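Structural overview for review
Residues per chain, in single letters:
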Amino acid sequence: MAAKLNVAVKKGDLQLARQLLEEGANINAKVEHGWTPLHSAVQRNSEKIVNFLLEKGADPLARKDNGATPFILAGVTGNVNLLKLFLDKGSYINECDINGFTAFMEAACYGQEEALRFLYKNGADVNQHREVDENKKAVKKGGATALMDAASHGHFALVKILVEEMGADVNICDNQDANALIHALFEDKDWKKGREDSALFLLKNNIDANKRDVNGKTMLILAVERESLDLVKAILELDEVDLDDADENNETALHVAVKKQNKVIATLLCEKGVRVDDDVLDIACRTYQSNMIELLQKYESPDSPRQPEICKEFSSIRWRSKLQKLNRMHRPMIGKLKIFQYQDLWIQNTTKGGVYLGFYDGVEVAVKVFCKGSENAKQEKVCLEKCQTSKYLVKFCGQEVRKTCLYLCLSLCEKNLQEYFKEENSTTMESKKILKKIFQAVKELHAFGFGHQELHPSNILIDVTGKIFLADFDKSREITDDTKYSVISKDLQDLQKLMLYVVMRGQKDFEDLPTECPENVKEHKEILDLQRKLKLSDQSTPADSLLEMLICHPYFWSKETKYRVLRDIGNEIRVAHASKKNDSLNALECEPDPFMDWKTKIDEKVLESMEFPSKEKGNKKGNKKGKRHYQQGVIDLLKLIRNMGEHYDEKDDEVKKIIQDPADYFLNLFPDLTVYIYQRCCNSDFKKYFPNAKNSSHP
């Protein structure tokens, strides 16, 4: 009966629909692909049936299998009355289906000007991207806007309205890094004047003319493919494009013009100085274009060999195949730089451009592309240049400038920290090792006179050898006497969060981390103490010295160092007791003492071997008169740890089998002991036993 009701609505048969409902048909039943009768009524654009169904209890917020609501479908039909009705019934102005389409986008796709204006007036987000799930993002789907929709469908009037009246951003890009101009020019059989007019309009409104489509084709190549002389002229007048730039198949705009046998456009390109080589002449010869051959021979470039491969060996494992592809390509060189700004050679997107694979002076590099005059470009360049001798910051290899673009060339890494933790073998590197390198990198950056200001797992990079580097300095700030505290505090605040991300091994997204370290994380009390100290709550430590001190925090100590410190302090206690100079023990005395029950945690045989030291190998009877008395509390625990370390070799095999490694034994039994001693003794004479930055032997 559900199918019959839907068919009746599609046919506009209100009487039959009424009858089926009276007979018990479910008004919200879904047929194939999740269509309800209300969806079908909106598709038919019948206000009368829509109102009838709503009166009978139809769900105004029902979704099809693709997530589309009746409100979104009303954007397709452009019916303003229905749009208003569904808003009154609880629809959200920017609600979207599973592909990210909103009613506003649908109105732009279908050229519904009145609906577009109504939705804008009621709060539709003009620049909303199509939000899609992570799987679709991974294959670069989604991200388009209403402006892209209007341009790709040739609705020139809507393109003008969106830009001039509604403030649409012409330079927003989708998840394939394509802007509205790419959408207007994208290959399609339905090439029409509205798309050409839209493209010309966007060029006049300062859209970035250096974007490429999914096949690596430039705006100029796409314009030549469309055989639009006006567009070709408009792009050339910008004087921003490289005439000899090629797509992924090494074809330039001239190659396309010759293949299209468009002599007018070919002539224009030649007059502008495009390179004419044997390849384009071969195309003209194979297709018997005598006039084209004559033209090309007139402008033929001096003989020059094809661009040789500039790199013979590649260090990168992850990027090797893509580097080989770029190496084989014929690319117009930008000074010492060979690059192809194409998504297949893309490393990472940024808010101000992108990062691509490249070769600089024959060496594989990551190339960060900026708009030349931007503040971000200036800041990154200044920071990189001043930090060239760094040990823990990504290396600056060189720079090039072409037209409006600045290309900063950096040492190439394999992955960032987010990617590292997603791999199955991400347990290779210990959390504390990763964190120590990050601390050292931030400390080094501060020493060069800069604060990072945007520490995030995405800008912690790992190279092919496993070394860790800090990157992305386009938001860095110089440290001055006036800004020192605020700039360093911001980095330390970010480090607190970054610490949690690392010790939790990326199990939660950086944005969704808890405020404190979970108790199930190993050494969590040491981590909490380290986080607390990062808050600059201890004003006695200068901000610019804090990281140097914290790199020597117990969390970063090796097992051997922790055990050695405990033994050394235990020995000092023994000496103090022997000389009856107990003043130094005040630092360890605390009420309540958290280690009052330590004797209950020690194995009975181990404790007995320490309380009756004469009962060792070869002396099975023992001497009860020589009993050592260990009291409850941390002081005697440290004495016992010291004594065990000194006399371990004397213990019998049974005790040794229980203990095995004394460092492991005591640190596993008392995981919080080291940080407790550190907290109690860092301002006492005992601190001389702690590793410090000046102690080069510190592990």
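The rules behind each value
- Residues numbered from 1 in each chain as written.
- Predicted model: local features only at pLDDT ≥ 70, side-chain atom pairs only at ≥ 80, totals over all residues.
- Heavy atoms only, no water.
- Buried < 20%, exposed > 50% of the residue type's maximum accessible area, 1.4 Å probe, protein only.
- Helix = DSSP H or I, 4+ residues; strand = E, 2+ residues; numbered from the N terminus.
- Pairing = 2+ DSSP bridges.
- Phe/Tyr/Trp six-rings, centres within 6.5 Å; stacked < 30°, edge-to-face > 60°.
- Lys NZ or Arg CZ within 6 Å of the ring centre and 35° of its normal.
- 1 Å grid on protein atoms, 1.4 Å probe; cavity = no way out; pocket = protein on both sides within 12 Å on 5 of 7 lines; lining within 4 Å.
- Points joined across faces, edges and corners; volume = space filled by probe spheres on them.
- Nonpolar A, V, L, I, M, F, W, Y, C, P; charged D, E, K, R; others polar.
- UniProt positions renumbered as here; feature names shortened; annotations may be inferred.

**Focus on the pairing of strand 6 (residues 405–411)**
Counting buried positions over the 7 residues of strand 6 gives 6, a clear majority of the element. Relative to strand 6, strand 4 (residues 363–371) runs antiparallel, the two being bridged by 7 bridges. Within strand 6, the position partnered with Val369 by the bridge is Tyr407. As paired strands, strand 5 (residues 396–402) and strand 6 are joined by 6 bridges and run antiparallel to one another. When the bridges of strand 6 are listed, Phe396 appears paired with Leu410. From the end of strand 5 to the start of strand 6, which pair antiparallel, there are 2 residues, and Lys403 there has a positive phi angle of about 50°.

**Considering the packing of aromatic side chains**
In this structure the tally under the stated criterion is 15 aromatic pairs. Centre to centre, the rings of Phe156 and Phe201 are 5.9 Å apart; their planes meet at 70°, and the pair counts as edge-to-face. Separated by 45 residues along the polypeptide, Phe156 in helix 11 (residues 156–165) and Phe201 in helix 13 (residues 193–204) bring together distant segments of the chain. Among the residues examined, Phe156 registers a relative accessible area of 27% and is labelled partly exposed. Exposure remark for Phe201: the relative accessible area of 9% places this residue in the buried category. With centroids separated by 5.3 Å and ring planes inclined at 70°, the aromatic side chains of Phe439 and Phe556 adopt a geometry described as edge-to-face. Here Phe439 is found in helix 23 (residues 431–447), whereas its partner Phe556 is found in the loop between helix 26 (543–550) and helix 27 (559–578), with 117 residues between them in sequence. Relative accessible area serves as the criterion here: at 0%, Phe439 is assigned to the buried category. Taken together, the ring pairs in this structure connect Tyr420, Phe421, Tyr501 and Phe510 into an aromatic cluster. Between the NZ or CZ atom of Lys10 and the centre of the ring of Trp35, over which it lies, the distance is 5.8 Å.

**As for empty space enclosed by the protein**
Per the counting criterion, the structure on display carries 3 cavities of 30 Å³ or more. Quantified by volume, the largest cavity comes out at close to 230 Å³. If you trace the largest cavity, you find 19 residues lining it, with Ile347, Gln348, Val355, Ala366 and Leu461 closest to the centre. Around the second largest cavity sit 17 residues that line it, and Asn210, Arg212, Thr218, Asp245 and Arg402 are the ones nearest its centre. Of the residues belonging to the lining of the second largest cavity, the class tally is 9 nonpolar, 3 polar and 5 charged.

**Looking at the UniProt feature "repeat: ANK" (unreviewed entry) in the protein chain**
UniProt records the feature "repeat: ANK" (unreviewed entry) at residues 1–32, 33–65, 66–98, 99–131 and 142–175, using the numbering of this structure. Taken as a whole, residues 1–32 contains 56% helix and 0% strand, while its terminal C-alpha atoms sit 13 Å from one another. Within the segment residues 142–175, helix and strand shares are 50% and 0% respectively, and the terminal C-alpha atoms sit 6 Å apart.

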